[in-house]
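If you want the building blocks of each chain, they are given just below.
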Amino acid sequence: MTVALKTAPATTSHVKPTQLVSGTFVTTDLKRTRRMCEELLGLECAQPEPGTLLIRERGHQPDGPLASRPYWVLEAREVPTIETPQEMLNHWGVFVSSQAAVDAAFEKINARQHDFGLGRVQKPRFRHGSYAFYFVDGDSNWWEIEHRTPELLYTALREKGDQH
Amino acid sequence: MSGAEPLVQPELLSHGTIECSDLAATRRFLNEFLGVDVVRPLPEAQYLWKGGPWSVVCVCVPDSEAKEQGPQNRFKLSVPRAADVDAAHAAALQHQSTYGIRKVGPVEEKAGIRSFTLQDLNKHWWEITNVTQSYYDEIFAKGR
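Residues numbered from 1 in each chain as written. Chains lettered and ligands numbered in written order. Predicted model: local features only at pLDDT ≥ 70, side-chain atom pairs only at ≥ 80, totals over all residues.

### A look at the overall build of chain B
Using the following cut-off: We count a stretch as a helix when DSSP gives it H or I for four or more residues in a row; a strand needs E for two or more, and each element gets its number in order from the N terminus. Here the C-beta atoms are placed from the backbone, and a residue counts as buried if at least 20 other C-beta atoms lie within 10 Å of its own, exposed if 12 or fewer do, and partly exposed otherwise. Once C-beta atoms have been placed from the backbone, residue pairs whose C-beta atoms lie within 7 Å are recorded as contacts.
A tally of regular secondary structure across chain B gives 3 helices and 9 strands. Scanning chain B from its N terminus toward the C terminus, one meets helices and strands in the order β-α-β-β-β-β-α-β-β-β-β-α. Oriented by its inertia axes, the alpha-carbon framework of chain B measures out at about 50 × 35 × 25 Å. Here chain B holds 144 residues, and the buried ones make up 45% of them. In chain B, 52% of the contacts between residues at least 6 apart in sequence involve partners at least 24 apart.

Pasting the structure below:
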């Protein structure tokens, strides 16, 4: 996929960030979350300390195909209870290479729903130019498996500027 | 992890999401205060980003208030130096009412990483931190 990194320097804003570096969520079972991220979502995980899990896409290791490319990290923290249950509008997106890959992912995840302790697994559908489906994990965290055509990639939309 | 192929072969962790009840006011906060880039490709949504191909999709929910999030569901923005964290914290306190910032936490430091959190006008949490990607590189290199 095309990776455009066009980003305006934050010179006049009050905060001057260089990177949106992480997003965080909580789980009641870090081991279950790690298994889902690795064996279901195909992501790389590392546990820097008890109760904390870092997650990124594979390939960023020094000899990997994405070495030296920027990435962001999802940070999961283990908690006794989920105090703020999440809803579908609060989700994490995982991009795959084609519509067929979305369909294949749906079939596999739907078949293993109970094995991974998942809640609902919705069927794929087109929405706003993306072809995607959602599922919810055992901690109410929602995940979207999506594909977009090149002109509708997030980076392409940046180049187009405001449409509304 | 086991040696089996994962069910999904992802190319990118592409996005997270937030909700807002006022696109214009939210964009002003994101652009003018937080310093992230924003584009509006859809009437009901704007996408924000900084420093990579991933985005945060901000969906407008005009007929209902944005769902309040807890501080453990937040996004982190990296600034270059510890002093930039302090400057951002001072700015958050100074401009809190201008941008509808609901809460500003104290600056904290742990293992050389300085940070603070704030809750924005839509009840979402942000962390301003001097953590860098190299910090995460080292953790993943250890491979635990």
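### Concerning the overall build of chain A
This is how it is decided: Based on C-alpha atoms, the radius of gyration is set beside the globule rule, defined as 2.2 Å times the residue count to the power 0.38.
Secondary structure summary: chain A contains 3 helices and 8 strands in total. Mapped from its N terminus to its C terminus, chain A presents α and β elements in the order β-α-β-β-β-β-α-β-β-β-α. Computed over its C-alpha atoms, the radius of gyration of chain A comes to 17 Å, within 12% of the 15 Å expected for a compact globule of 164 residues. Within chain A, buried positions represent 40% of all 164 residues. A fraction of 50% describes how many contacts in chain A between residues 6 or more apart in sequence connect residues 24 or more apart.

### With respect to the interface of chain B and chain A
Often the size quoted for an interface is simply the accessible area lost on bringing the parts together. Note the threshold: Polar here means any residue outside two lists: the nonpolar Ala, Val, Leu, Ile, Met, Phe, Trp, Tyr, Cys and Pro, and the charged Asp, Glu, Lys and Arg; Gly therefore counts as polar. Between any two strands, at least two bridges found by DSSP are needed for them to pair.
The partner chain A presents 70 residues to the 63 residues of chain B that form the contact. For the side of chain B that touches chain A, the elements supplying multiple residues, two or more each, are β1 (12-20), α1 (23-34), β2 (37-42), β3 (45-49), β4 (55-60), β5 (74-78), α2 (82-94) and α3 (133-142) of chain B. Looking at the side of chain B that touches chain A element by element, the count peaks at 7 residues for β1 of chain B. When grouped by side-chain class, the residues that make up the side of chain B that touches chain A number 32 nonpolar, 19 polar and 12 charged. As judged from the 3 bridges shared by strand β5 (residues 91-95) of chain A and β1 of chain B, these two strands associate in the antiparallel manner. Within β1 of chain B, the residue paired with V94 of chain A across the bridge is L13 of chain B.

### Quick word on the nonpolar core
This is how it is decided: A set of buried Ala, Val, Leu, Ile, Met, Phe, Trp, Tyr and Cys residues, joined to one another through C-beta atoms within 7 Å, is what we call a nonpolar core.
Counting 68 residues, the largest nonpolar core has I55, V94 and I145 of chain A together with L77 of chain B as the members making the most contacts within it. If near-sequence neighbours (up to four positions away) are discounted, I145 of chain A is found in contact with V94, V96, V102, A105, A132 and F133 of chain A together with V8 of chain B.

### Description of the environment of R32 of chain A
Tracing the chain through its elements places R32 of chain A in helix α1 (residues 30-40). With sequence-adjacent residues up to four places away left out, R32 of chain A is seen in contact with G117 and G138 of chain A.

### Points about helix α2 (residues 99-111) of chain A
Residues and elements named next belong to chain A. Threshold: Here, expected helix span is obtained from the residue count minus one, scaled by 1.5 Å. Note that the arc is computed from the directions linking the helix axis to the C-beta atoms.
With 13 residues, α2 should reach 18 Å at 1.5 Å per residue; the first-to-last C-alpha distance of 19 Å fits that figure. Looking at α2, one finds that the buried residues are V102, A105, F106 and I109. Within α2, the buried residues cover an arc of 105° as seen down the axis, which keeps them to one side. Exposed side of α2, more than 90 degrees from the buried face: A100, E107 and A111 are the residues found there.

### A word on the sheet that holds β5 of chain A
Under the convention used in this document: Lines fitted to the C-alpha atoms define the axes, with helices restricted to the stretch that makes contact. Angles between their N-to-C directions range from 0 to 180 degrees.
Reading across the sheet, the 8 strands line up as β6(A)-β7(A)-β8(A)-β5(A)-β1(B)-β4(B)-β3(B)-β2(B) and stay open at both edges, with mixed pairing between neighbours. The open sheet is flanked by β6 (125-127) of chain A together with β2 of chain B, the only strands paired with a single partner. Each adjacent strand pair in this sheet contributes to an overall mean axis angle of 35°, direction not counted. Bridge count between β2 of chain B and β3 of chain B: 4 bridges; the pairing is antiparallel. Bridge pairing links D37 of chain B to W49 of chain B in β3 of chain B.

### Some thoughts on the domain arrangement of chain A
Residues and elements named next belong to chain A. For clarity, the threshold we go by: Note that the domain bounds were set by an automatic or database domain assignment.
Here the domain parsing of chain A yields domain 1 (20-84) and domain 2 (85-164). Using C-alpha coordinates to define each centre, domain 1 is positioned 18 Å away from domain 2. Taken together, the 12 residues of domain 1 in the interface contact 11 residues of domain 2. Among the elements of the structure, β1 (19-27) and α1 are those that each provide at least two residues to the side of domain 1 that touches domain 2. When its residues are assigned to classes, the side of domain 1 that touches domain 2 shows 7 nonpolar, 3 polar and 2 charged.

### Considering α2 of chain B
Because the α-helix completes a turn every 3.6 residues, residues three or four places apart line up on one side. Residues and elements named next belong to chain B. When the terminal C-alpha atoms of α2 are compared, their 19 Å separation across 13 residues agrees well with the 18 Å that a helix rising 1.5 Å per residue should span. For α2, every residue scored as buried is listed here: V85, A88, H89 and A92. Down the axis of α2, the buried side of the element spans an arc of 100°, and every buried residue falls inside it. Across α2 from its buried face, at more than 90 degrees, point the exposed residues A83 and Q94.

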